[in-house]
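In case you want the letters, here they are:
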Amino acid sequence: KQEVTQIPAALSVPEGENLVLNCSFTDSAIYNLQWFRQDPGKGLTSLLLIQSSQREQTSGRLNASLDKSSGRSTLYIAASQPGDSATYLCAVRSEKLVFGKGTKLTVNP
Amino acid sequence: DTAVSQTPKYLVTQMGNDKSIKCEQNLGHDTMYWYKQDSKKFLKIMFSYNNKELIINETVPNRFSPKSPDKAHLNLHINSLELGDSAVYFCASSKRTSGIKETQYFGPGTRLLVL
């Protein structure tokens, strides 16, 4: 049974700082891994999708890496901004999409 | 234009009632999903439909019955609501079930509170 863990559960940083969010999963037989952003009272927004054959994906200030063999992914956010404050969810896809509990990020001005 | 929409956004109801949540997607996707996010913020899949056909049915009570009148709609009907059904329910869609490259697009969620 696939289990996804995200560390830390919450993170508070000053504006401008670079930061890393971590995700680990127990079963490496995945098709892809996605990072989502969830804002309070809103749905989920897909940020990055990494195929199992890929090592990383980049979108603007975001960079996600995938090490399938060790069951790990990281989301790197450069030059963080207050608008980045949200909960970031990691999800792995095999037969279905399995989510972690998320990391609640607060970027202080 | 909202890609995946859900109604209502909020739903407060008494225990024992029957309620429905509607979901529509205008992306032309073949596959739609229902997820439940509980008080501990864990997001778990409940159902998945591909071209109106049920393909994933997790261990959810029989009181939950999804209905897909057409490819663009997947409604969730809940009978005899219980306190533990209080959660946020998210609808999502993707182009293909077997498309491993496909991302899922989520609706804004329906916050259900059972009193």
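Residues numbered from 1 in each chain as written. Chains lettered and ligands numbered in written order. Predicted model: local features only at pLDDT ≥ 70, side-chain atom pairs only at ≥ 80, totals over all residues. Heavy atoms only, no water.

Some words on the nonpolar core
- Counting residues in hydrophobic clusters, the biggest one holds 23 residues, and the most contacted among them are A:Leu33, A:Trp35 and A:Leu75.
- If you list the elements that add at least two residues to this core, you get strand E3 (19-25), strand E4 (32-38), strand E5 (44-51), strand E7 (62-67), strand E8 (72-77), strand E9 (86-93) and strand E11 (103-108) of chain A.
- A:Leu75 has contacts with A:Leu19, A:Val20, A:Leu21, A:Trp35, A:Leu47, A:Leu48, A:Leu62, A:Asn63, A:Ala64 and A:Tyr88, leaving out every residue within four places of it along the chain.
- Listed in part, the 19 residues of the second largest apolar core include B:Trp34, B:Leu76, B:Leu81 and B:Ala87. (Core = buried A, V, L, I, M, F, W, Y, C linked by side-chain atoms within 4.5 Å. Buried < 20%, exposed > 50% of the residue type's maximum accessible area, 1.4 Å probe, protein only. Helix = DSSP H or I, 4+ residues; strand = E, 2+ residues; numbered from the N terminus. Contact = heavy atoms within 4.5 Å.)

Remarks on unusual backbone geometry
- Of the consecutive residues A:Ile7 and A:Pro8, the connecting peptide bond is found in the cis state with omega at 0°.
- Among the structural elements, A:Pro8 can be located in the loop between strand E1 (4-7) and strand E2 (10-14).
- Residues B:Thr7 and B:Pro8 are joined by a peptide bond in cis, for which omega reads -5°.
- On the secondary structure map, B:Pro8 appears in the loop between strand E1 (4-7) and strand E2 (10-13).
- For A:Ala79, which is not glycine, the phi dihedral falls at a positive 45°.
- Its location among the elements puts A:Ala79 in the loop between E8 and E9.
- Look at B:Ser80: it is not a glycine, yet its phi comes out positive at around 45°.
- Relative to the assigned elements, B:Ser80 resides in the loop between strand E8 (73-78) and strand E9 (87-94).

Quick notes on the interface of chain B and chain A
- With 22 residues of chain B at the contact, the number on the chain A side is 19 residues.
- Between chain B and chain A, the buried area comes to about 1800 Å², and carbon and sulfur atoms account for 53% of it.
- Connecting chain B to chain A are zero salt bridges.
- Across the chain B-chain A interface, the total number found is three residue pairs in polar contact (both at pLDDT 80 or more).
- Only strand E4 (31-37) and strand E5 (43-50) of chain B provide two or more residues apiece to the side of chain B that touches chain A. (Buried area = accessible area lost by both parts, 1.4 Å probe. Salt bridge = Lys/Arg side-chain N within 4 Å of Asp/Glu carboxyl O. Polar contact = N/O pair within 3.5 Å; in protein donor to acceptor, adjacent residues only side chain to side chain.)

Section: the sheet that holds strand E7 (residues 64-70) of chain B
Residue and element names in this part refer to chain B.
- If you trace the four strands from one edge of the open sheet to the other, you get E1-E3-E8-E7, paired in antiparallel fashion. Here the strands that pair on one side only, and so sit at the sheet edges, are E1 and E7. Taken pair by pair, the neighbouring strands of this sheet meet at an average axis angle of 20°, ignoring direction.
- Sheet analysis places strand E3 (residues 19-25) next to E8, joined by four bridges and oriented antiparallel. Bridge pairing in E8 places Ile21 opposite Leu76. (Pairing = 2+ DSSP bridges. Axes fitted to C-alpha atoms, helices over the stretch in contact; angles between N-to-C directions.)

By themselves these figures say nothing about function.
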